[in-house]
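# What the coordinates show
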Amino acid sequence: MEQIESVKEFGGYLNRYQHDSHSCNCRMTFSVYLPPEAETEKVPAVYWLSGLTCSDDNFRVKAGAQRYASELGLALIIPDTSPRGENVPDAAQRYDLGQGAGFYVNATRQPWSKHYHMYDYVTRELPALIEANFAVVPDLKSVSGHSMGGHGALLCALRNAGGYRCVSAFAPICNPIQGGWGETCFSAYLGDDREAWKAYDATCLIEAGAQPVPLLIDQGSADEFLADQLYPKNLEAACRARNFPLTLRMQEGYDHSYHFISTFIGEHLAWHARALKD
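Just so you know, these numbers come straight off a predicted model, no measurement behind them.

## Topic: the pattern of salt bridges
- Inspection of the entire model under this criterion finds 17 salt bridges.
- Across the salt bridge formed by Asp 20 and Arg 27, the nearest N and O atoms sit 3.2 Å from each other.
- Through salt bridges with shared partners, one network takes in Glu 2, Asp 20 and Arg 27.

This is how it looks when you write it as structure tokens:
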């Protein structure tokens, strides 16, 4: 693991690293923010998963999260959204497939299956790397994300019972088997068996009996992708049918951008801190 950047922010440090990933068979980049509290004691971690076209850089630059993480004593772990590199398959003509669009699945179909194992990367390889190299970050974590990353955050929590104290999301893709982004990526990465797609669909996982975990979702009412990509009401109906602990907040007038995320990220991190420190 190689440190490639270090910046002091709000009394702590935002560091960036690269390492050779065995899950993705390429060089991967991620960022870690350690609050001042980490100098003297262990701190719990919030993993942040970003959306389509993003890298770790979008969140750490645009969201304003480090200020809140510093105040709350939280580490932030911010991975990339896909494998990258000259030898990694891509769909350069598309923004919703290939590099920047890993969709947090383990691809089973060529040419994607050699590299696109983002589910294993964010749920197994990266946490193990963090815990082995950062003694101040124990195996005490929660997860959050935006859009495709919100979808990924839901998968992490719903498929790993007890692994995450809570999960939150901004405008997540809640029912990807119903939307164009999900259909594009799932058919490419996983093949044509739609039943197999359900293992990577939060609404389907809840319907199938996933163990409850506290869930907070903020969704902007002016989000241009709300009607035909995100389907939060489908997730809400599945949660209601199972008494699943969901708080869904429709935020009037907000869109899909980081303006929306930066408005509510402090509330989300405070919610995570309460769950992680109780």
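From this point, the narrative continues.
## Structural notes on the sheet that holds strand 8 (residues 215-220)
- The strand order across the open sheet built from nine strands is 1-2-3-5-4-6-7-8-9, with neighbouring strands paired in mixed fashion. Bordering the open sheet on either side are strand 1 (2-9) and strand 9 (246-251), each of which pairs with just one other strand. Each neighbouring strand pair of the sheet contributes to a mean axis angle of 15 degrees, computed without reference to strand direction.
- Relative to strand 6 (residues 141-146), strand 4 (residues 45-49) is paired through five bridges, and the arrangement is parallel. Its bridge partner lying in strand 6, Tyr 47 is registered against Val 143.
- Running over the sheet, helix 3 (residues 118-133) touches strand 2 (12-21), strand 3 (26-34), strand 4, strand 5 (75-79) and strand 6 and is turned about 55 degrees from strand 3.

## Concerning the side chain of Lys 141
- By secondary structure assignment, the location of Lys 141 is in strand 6.
- Taking the relative accessible area as the measure of exposure, Lys 141 reaches 9% and is therefore buried.
- A distance of 3.4 Å separates a polar side-chain atom of Lys 141 from the backbone oxygen of Gly 163.
- When neighbours within four sequence positions are excluded, Lys 141 is seen to be in contact with Ala 45, Tyr 47, Pro 127, Glu 131, Gly 163, Tyr 164, Arg 165 and Leu 276.

## Some words on unusual backbone geometry
- The omega angle of the peptide bond from Gln 110 to Pro 111 is 0 degrees, so this bond is cis rather than trans.
- At Phe 103, a position not held by glycine, the phi torsion is positive, near 60 degrees.
- Assignment of secondary structure puts Phe 103 in the loop between strand 5 and helix 3.

## Some details on the environment of Thr 247
- Of note, Thr 247 is situated in strand 9.
- Along the primary structure Thr 247 and Ala 161 are separated by 86 residues, whereas in three dimensions their C-alpha atoms are 19 Å apart.
- In contact with Thr 247, not counting residues within four places along its chain, are Leu 215, Leu 216 and Ile 217.

## Points about the pairing of strand 5
- Most of strand 5 is tucked away: five of the five residues are buried.
- Neither face of strand 5 is left uncovered, since the one carrying Ala 75, Ile 77 and Pro 79 and the one carrying Leu 76 and Ile 78 both have all their residues buried.
- Relative to strand 5, strand 3 runs antiparallel, the two being bridged by four bridges. Counted as the bridge partner of Tyr 33 is Leu 76 from strand 5.
- The sheet contact formed by strand 4 and strand 5 spans three bridges and is parallel. Bridging from a neighbouring strand, Tyr 47 pairs with Ile 77 of strand 5.

Definitions and cut-offs
- Residues numbered from 1 in each chain as written.
- Predicted model: local features only at pLDDT ≥ 70, side-chain atom pairs only at ≥ 80, totals over all residues.
- Heavy atoms only, no water.
- Salt bridge = Lys/Arg side-chain N within 4 Å of Asp/Glu carboxyl O.
- Pairing = 2+ DSSP bridges.
- Helix = DSSP H or I, 4+ residues; strand = E, 2+ residues; numbered from the N terminus.
- Axes fitted to C-alpha atoms, helices over the stretch in contact; angles between N-to-C directions.
- Contact = heavy atoms within 4.5 Å.
- Buried < 20%, exposed > 50% of the residue type's maximum accessible area, 1.4 Å probe, protein only.
- Polar contact = N/O pair within 3.5 Å; in protein donor to acceptor, adjacent residues only side chain to side chain.

Distances and angles like these do not, on their own, reveal function.
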